[in-house]
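If you want the building blocks of each chain, they are given just below.
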Amino acid sequence: QETIILWGETGTSLPKWFVSQFPSRHSTSRLFNDDLPSDFGLATLPESPNGPQISTPERALLEMLSEVGVTQEIDEARAIMESVRQLRSSELTSLLTSCRMIKAVRLCVNWSAELSLPWASIAREAVHEQSSSTRWVRKLKDGSNLTLKP
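So, here is what we can say about the structure in this document. Quick caveat: nothing in here was measured; it's all calculated off a predicted structure.

1. Some details on the overall build of the protein chain
Within the protein chain, the secondary structure is distributed over six helices and six strands. Ordering the α and β elements of the protein chain from the N terminus gives β-α-β-β-β-α-α-α-α-α-β-β. Its C-alpha atoms give the protein chain a radius of gyration of 16 Å, within 12% of the compact-globule value 15 Å for 150 residues. Looking at the protein chain as a whole, 33% of its 150 residues are labelled buried. Put simply, of all contacts in the protein chain between residues at least 6 apart along the chain, 56% involve residues at least 24 apart. Averaging the locations of the 16 positively and 18 negatively charged side chains of the protein chain gives two centres separated by 8 Å.

What follows is the structure, encoded as structure tokens:
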């Protein structure tokens, strides 16, 4: 069973009964800049309008990419991303331009181009002006290196 990641602004411990029933962890990583409303890219399920908010596909994609090499396997993330054929361009643009995590942004832009996803040009244009000309390199949990070109 996959681990559920619950995102929040403040640190908290999940109740033991909840974690035993639903393998999960709480993350307080600040993935987006403060200028993006905290509820941007969140919605409720149509069948439970009063239920909890969940990430839209655009936000969930960047959340998943931020976990690559931490709790998310690279090959699995790329396979999941390959199946993401339709995203809303305005929401993706807002999220990419507000994303603080270089790894998530570069994986999104680079993999969408490599996989010839229909929204690849939108991703590239969204971050073109904020791109750095330097490589991003990090050692992953498994000991391998992840190198992302600008």
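Anyway, onward from the coordinates.
2. Let's talk about the side chain of Ser112
Within the element layout of this structure, Ser112 appears in helix H5 (residues 102–114). Beyond its immediate stretch of four places on either side in the chain, Ser112 contacts Met81, Leu107, Leu117, Trp119, Ala120 and Ala123.

3. Focus on the environment of Leu117
Residue position: Leu117 is located in the loop between H5 and helix H6 (120–127). Linking Leu117 and Ala79, residues 38 residues apart in sequence, is a C-alpha distance of 12 Å. Setting aside chain neighbours within four positions, we find Leu117 in contact with Met81, Glu82, Val84, Arg85 and Ser112.

4. Regarding the packing of H5 against H6
Where H5 meets H6, the closest approach of the two axes is 8 Å, and the angle between their N-to-C directions is 145°. Of the two elements, H5 crosses H6, and the hand of that crossing is left-handed. Contacts between H5 and H6 pair Val105, Val109, Asn110, Ser112 and Ala113 from the former with Ala120, Ala123, Arg124 and Val127 from the latter. Looking at side-chain class alone, the contact of H5 with H6 contains six nonpolar, two polar and one charged residues.

5. Topic: the pattern of salt bridges
Tallying each qualifying case throughout the model produces six salt bridges. Here Arg78 ties to Glu114 by a salt bridge, and the two come within 2.7 Å at their closest N and O atoms. Here Arg78 is found in helix H3 (residues 74–82), whereas its partner Glu114 is found in helix H5, with 36 residues between them in sequence. A residue is classified by how much of its surface remains accessible, and Arg78, at 27% relative accessible area, is partly exposed. Overall, the relative accessible area of 52% leaves Glu114 in the exposed class. Several salt bridges converge on common partners, so that one network encompasses Glu58, Arg88 and Glu91.

6. Section: the nonpolar core
What tends to happen in soluble globular proteins is that the nonpolar side chains get buried as a cluster. Residues Leu61, Leu62, Leu65, Met81, Leu96, Cys108 and Trp119 are the most contacted members of the largest nonpolar core, which totals 31 residues. Of all elements in the fold, only helix H2 (57–66), H3, helix H4 (89–98), H5, H6 and strand E6 (145–148) reach the threshold of two or more residues within this core. Top element by residues in this core is H5. It accounts for six residues. When neighbours within four sequence positions are excluded, Met81 is seen to be in contact with Leu61, Met64, Leu65, Leu107, Cys108, Trp111, Ser112, Leu115, Leu117 and Trp119.

7. A short note on H2
Among the ten residues in H2, eight count as buried, and that is most of the element. Of all the positions in H2, only Glu58, Arg59, Leu61, Leu62, Glu63, Met64, Leu65 and Ser66 are classed as buried. Buried residues along H2 sit against strand E1 (4–7), strand E3 (42–43), strand E4 (54–55), H3, H4 and H5.

8. Some thoughts on the packing of aromatic side chains
Centre-to-centre distance and the angle between the planes together describe a pair of aromatic rings. By the definition in use, this model includes two aromatic pairs. Taken together, a centroid distance of 5.7 Å and an interplanar angle of 90° make the contact between Trp17 and Phe18 edge-to-face. On the basis of relative accessible area, Phe18 is assigned to the partly exposed category, the value being 21%. Plain terms: the ring middles of Phe18 and Phe22 are 5.1 Å apart, the flat faces sit at 45° to each other, and that makes the pair tilted. Aromatic ring contacts, followed pair by pair, group Trp17, Phe18 and Phe22 into a single cluster.

About the criteria used
- Residues numbered from 1 in each chain as written.
- Predicted model: local features only at pLDDT ≥ 70, side-chain atom pairs only at ≥ 80, totals over all residues.
- Heavy atoms only, no water.
- Helix = DSSP H or I, 4+ residues; strand = E, 2+ residues; numbered from the N terminus.
- Rg over C-alpha atoms; globule rule 2.2 N^0.38 Å.
- Buried < 20%, exposed > 50% of the residue type's maximum accessible area, 1.4 Å probe, protein only.
- Contact = heavy atoms within 4.5 Å.
- Lys, Arg positive; Asp, Glu negative; His and termini not counted.
- Charge placed at Lys NZ, Arg CZ, Asp CG, Glu CD.
- Axes fitted to C-alpha atoms, helices over the stretch in contact; angles between N-to-C directions.
- Left-handed = near helix turned anticlockwise from the far one by under 90°.
- Nonpolar A, V, L, I, M, F, W, Y, C, P; charged D, E, K, R; others polar.
- Salt bridge = Lys/Arg side-chain N within 4 Å of Asp/Glu carboxyl O.
- Core = buried A, V, L, I, M, F, W, Y, C linked by side-chain atoms within 4.5 Å.
- Phe/Tyr/Trp six-rings, centres within 6.5 Å; stacked < 30°, edge-to-face > 60°.

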